[in-house]
Amino acid sequence: MMEKKKLNVLIKSWGCQMNMYDSARMADVLAPLGYQKTEDPKQADLIILNTCHIREKASEKLFSELGRMRELQKLRAKQGGTLMLAVAGCVAQAAGEEIKRRAPHVKMIFGPQTYHRLPEMLARAARDGEVVLDTDFPPEPKFDYLPDEHGDLGVSAFLSVQEGCDRFCSYCVVPYTRGAEYSRSFASIRAEAEDFVSHGVREIMLLGQNVNAYKDEETGVGLASILRDLARIEGLERLRYTTSHPLDMDEDLIAAHGDMPKLMPFLHLPLQSGSDKILEAMNRKHTAADYLETTKRLKAEQPRLALSSDFIVGFPGETDEDFEATMRMVREVTYAQAFSFKYSRRPGTPAAMMKEQVLETVKEERLARLQALLRQQQTDFNEACVGQTLSVLFDNEGRAPNQFFGRSPFMQAVRAEGETSLIGSQRDVKITKGSPNSLEGEIV
Ligand code: SAH
Ligand code: SF4
Ligand code: F3S
C-alpha cells in the first residue's frame, strides 16, 4: 500500500454549537484522507472557514477573514506550496454565488448539509482547478454518510440530533440556511452517544436548531424518550439539550426535568421579546403569558431549574412600551444568564421588509439597558451560590499550576485547585467566590 501523505487542516468555526459539531465531524471526514488538525494557519494545507449568517456582523466577518487568507496563500505559494481554501456553513449556503464572485481564491464552497462529500469535493477542486460549489439539500441526510470514528472529543461533547427549522420566525435565516426540520434516527444517536462515552465523554449536549421538536421518524418518540434512554448508558453522567422553542416544551420533557437526575437543571429557552405584539410580528406563536406558564410548570417539576434566554431588541415596530414589557418579563422570570442582540435586518426574511425599522441609536440604548439588567441577574445568581456545594464536572486545566476548570449543573464556569486526575470527574465543590462570569471554590 502507498504511504499516506500527512496533511494539515485548520477549521475555524463561528456561530452556534451546531457549527462546532459540524466542524468536528468535518475533521472526522478528512482524517482517513491523511488530514490532521492544526491550529497554526502557516502549517495548514487546507483551511475551512465554517461560517454563521445569523446577523449582519457575523457574516461580514467572513469577508475580512478572506482578505487575510489571500495573503497567507501568497506566502505559501512563494514557499512552493499550496493552501486550499474552503468556505462552509451558513454564509456559504446563503451567499455561495457571492463568495464565488468576490473571492476567487476560495476553491470549495459548501453548506451545512453536504460536508460528508468533502473527499469528492477535494478531489474535484484539485483535479479541475475549478471552484466547487455544493449547497444542495440532499434527500439523504449527511448523518447516513458520516464516519463512525471520532477524533478527540473531550469530557463534554455536542451531539446533533435534529437539524433545520420549520418555524420561520420572521427575523431568522436559519430555515433557509439549514433547511427543513429533520430528526436523526434514534438508533444512530444512541450509537454515537455510546461511542462518545467509550472515548471518555461524560456529558453530552444534544443539539438541534429546534431540538425539542425532535421526533424519531420510525417510532415517533420525542426528545424526552431519547434523554431517558441515553441516561442508561453507563459512564454518561450528565445530559443537556439546546436550543428549545417554548412551543415545543411538551409534558414529557417537562416531567423529565423533575425525575431525571442526569438531566442538568439548566435550560436555554429563548423568549426574544416580552411584548405580545412583537412576539406575534416575530411569528413566535406564543404570548408572554404562555412562556411564563411553561417556566412555572418547569419549576414545579424542578425547583432548582436555572434559565437562560435569547433576546432581540429593536425588532421593527418595537416601541418604548414594547421594550418595557421585555424588561418586565426579565424581572419576573429572572435568568441565570442570557444573550441579547440588536435586531439585524437579514435579506430575504419577512421582517427585513417591514416598515417601522427602529433607529440604530434606539436599539443601542435598549440593548445597553437590557444587558445591564441581565448582567445584574447573572451576578446575583452567581453570588447566591457562595456557601453552596455544587457538583462540578472538570474538563480543563488552567494556566496556573494545579488550577482546574469545570462546569456546575447550571453551566457556570468553576475554578478550583486539584490534580490532573480531576479531568473527566465530577466532584463536590464548596463555592467560595462568585463573580459576574464565574465561580471559585474548594473541592470537598
Ligand atoms: N433556534 C434558536 C435560535 C437560533 S439563532 C431559537 O429558536 O431560539 C440564535 C439567536 O439569534 C436567536 O434566538 C435570536 O435571539 C438571535 N437572532 C436570530 N436572528 C436574528 C436577527 N435577524 N437579528 C438579531 N438577532 C437574531
Ligand atoms: Fe430561527 Fe425561529 Fe427557527 Fe429559532 S425557531 S432557528 S429563531 S426560525
Ligand atoms: Fe449561525 Fe447557522 Fe448556527 S446562521 S447560528 S451557524 S445555524
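Definitions and limits used
- Residues numbered from 1 in each chain as written.
- Chains lettered and ligands numbered in written order.
- Predicted model: local features only at pLDDT ≥ 70, side-chain atom pairs only at ≥ 80, totals over all residues.
- Heavy atoms only, no water.
- Near = heavy atom within 4 Å.
- Nonpolar A, V, L, I, M, F, W, Y, C, P; charged D, E, K, R; others polar.
- Domains from an automatic or database assignment.
- Contact = heavy atoms within 4.5 Å.
- Buried area = accessible area lost by both parts, 1.4 Å probe.
- Salt bridge = Lys/Arg side-chain N within 4 Å of Asp/Glu carboxyl O.
- Polar contact = N/O pair within 3.5 Å; in protein donor to acceptor, adjacent residues only side chain to side chain.
- Helix = DSSP H or I, 4+ residues; strand = E, 2+ residues; numbered from the N terminus.
- 1 Å grid on protein atoms, 1.4 Å probe; cavity = no way out; pocket = protein on both sides within 12 Å on 5 of 7 lines; lining within 4 Å.
- Points joined across faces, edges and corners; volume = space filled by probe spheres on them.
- Pairing = 2+ DSSP bridges.
- Axes fitted to C-alpha atoms, helices over the stretch in contact; angles between N-to-C directions.
- Areas by Shrake-Rupley, 256 points an atom, 1.4 Å probe, with all protein chains shown as cover.
- Buried < 20%, exposed > 50% of the residue type's maximum accessible area, 1.4 Å probe, protein only.
- Left-handed = near helix turned anticlockwise from the far one by under 90°.
- Phe/Tyr/Trp six-rings, centres within 6.5 Å; stacked < 30°, edge-to-face > 60°.
- Lys NZ or Arg CZ within 6 Å of the ring centre and 35° of its normal.
- Expected span 1.5 Å × (residues − 1).

**Brief notes about the site of ligand 3**
Cys16, Asn19, Cys52, His53, Ile54, Cys90, Val174, Arg178 and Gln209 make up every residue found near ligand 3. A breakdown of the residues in the shell around ligand 3 according to their chemical character gives 5 nonpolar, 3 polar and 1 charged. If you count residues domain by domain, the shell around ligand 3 takes at least three from each of domain 1 (7-134) and domain 2 (142-384).

**Examining the domain arrangement of the protein**
We note that the domain assignment places domain 1 (7-134), domain 2 (142-384) and domain 3 (389-443) within the protein. If you look at the interface, domain 1 gives 22 residues, while domain 2 gives 30 residues. Of the roughly 2,300 Å² buried where domain 1 meets domain 2, counting both sides, 58% is carbon and sulfur surface. Inspection of the domain 1/domain 2 interface yields 3 salt bridges. A salt bridge links Arg25 to Glu192; the shortest N-O distance between them is 3.3 Å. At the surface where domain 1 touches domain 2, the tally comes to 16 residue pairs in polar contact (both at pLDDT 80 or more). Of all the elements in the fold, those that place two or more residues in the side of domain 1 that touches domain 2 are helix H1 (17-30), helix H2 (56-78) and helix H3 (89-102). The element best represented in the side of domain 1 that touches domain 2 is H1, accounting for 9 residues.

**What about the layout of surface pockets?**
Of the voids in this model, the second largest pocket is the one considered here, and its volume is about 350 Å³. The dominant element in the lining of the second largest pocket, judged by the number of residues it contributes, is helix H4 (residues 118-128), at 5 residues. For the lining of the second largest pocket, a count of residues per class yields 11 nonpolar, 3 polar and 3 charged.

**Topic: the sheet that holds strand E1 (residues 7-13)**
Pairing in this open sheet of 6 strands is parallel, and the strands run E2-E1-E3-E4-E5-E6 from one edge to the other. At either margin of the open sheet sits one strand with a lone partner, and together these are strand E2 (35-37) and strand E6 (132-134). Ignoring which end each strand starts from, the neighbouring axes of this sheet average 20° apart. The sheet contact formed by strand E5 (residues 108-110) and E6 spans 3 bridges and is parallel. Bridged to Phe110 within E6 is Asp134. H1 rests against E1, E2, strand E3 (46-51), strand E4 (84-88) and E5 of the sheet, and its axis sits at about 155° to E3.

**Overview of the site of ligand 1**
In the vicinity of ligand 1 there are 15 residues, among which Tyr171, Gln209, Gln272, Asp310 and Ser344 approach most closely. A distance of 3.0 Å is found between an oxygen atom of ligand 1 and a side-chain nitrogen or oxygen belonging to Arg55. Within the backbone of Gln209, an N or O atom sits 2.6 Å from a nitrogen atom of ligand 1. Burial of ligand 1 by the surrounding chains reaches 87%, relative to a free accessible area of 540 Å². Those elements giving two or more residues to the shell around ligand 1 turn out to be strand E13 (306-313) and strand E14 (337-342). For the shell around ligand 1, the residue count by class is 6 nonpolar, 4 polar and 5 charged.

**Re the environment of Gly258**
The topology assignment puts Gly258 in helix H8 (residues 251-259). Here Gly258 falls in the partly exposed class, since its relative accessible area comes to 35%. When the C-alpha atoms of Gly258 and Ala300 are compared, they prove to be 8.2 Å apart, with 42 residues separating the residues in sequence.

**With respect to the packing of helix H6 (residues 186-198) against helix H7 (residues 223-230)**
For the pair H6 and H7, interaxial distance at closest approach is 11 Å and the crossing angle is 35°. The handedness of the crossing between H6 and H7 comes out as right-handed. Contacts between H6 and H7 involve Phe186, Ile189, Arg190 and Ala193 on the former and, on the latter, Ile226, Asp229 and Leu230. When grouped by side-chain class, the residues that make up the contact of H6 with H7 number 5 nonpolar, no polar and 2 charged.

**Quick notes on the packing of aromatic side chains**
One pass over the full model with this rule turns up 6 aromatic pairs. Both rings, one in Phe381 and one in Phe410, keep their centres 5.6 Å apart while their planes meet at 85°; by these two values the pair is edge-to-face. Of this pair, Phe381 sits in helix H12 (residues 360-383) while Phe410 sits in the loop between strand E16 (403-407) and strand E17 (413-417), and the two are 29 residues apart along the sequence. A residue is classified by how much of its surface remains accessible, and Phe410, at 6% relative accessible area, is buried. Within the aromatic cluster, the residues linked to one another by ring pairs are Tyr171, Phe315 and Tyr343. Against the face of Phe341 rests Arg55, its NZ or CZ located 3.6 Å from the ring centre.

**Topic: the environment of Leu30**
Along the chain, Leu30 turns up in helix H1. Linking Leu30 and Gly314, residues 284 residues apart in sequence, is a C-alpha distance of 42 Å. In contact with Leu30, not counting residues within four places along its chain, are Val9, Tyr35, Leu46, Ile48, Leu118 and Leu122.

**Overview of H12**
With 24 residues, H12 extends 34 Å between its outermost C-alpha atoms, agreeing within 8% with the 34 Å of an ideal straight helix rising 1.5 Å per residue. Within H12, burial applies to Lys363, Arg366, Leu367, Leu370, Leu373, Leu374, Gln377, Gln378, Thr379 and Asn382. The secondary structure elements touched by the buried residues of H12 are E13, helix H11 (320-333), E14, strand E18 (426-434) and strand E19 (438-443).

**Remarks on the packing of H8 against helix H10 (residues 288-301)**
Look at H8 against H10: their axes get within 7 Å of each other, and the N-to-C directions meet at 35°. In this structure, H8 uses Glu251, Ile254, Ala255, His257 and Gly258 to contact H10, whose residues at the interface are Thr294, Arg297, Leu298 and Glu301. Residues that form the contact of H8 with H10 fall into these classes: 3 nonpolar, 3 polar and 3 charged.

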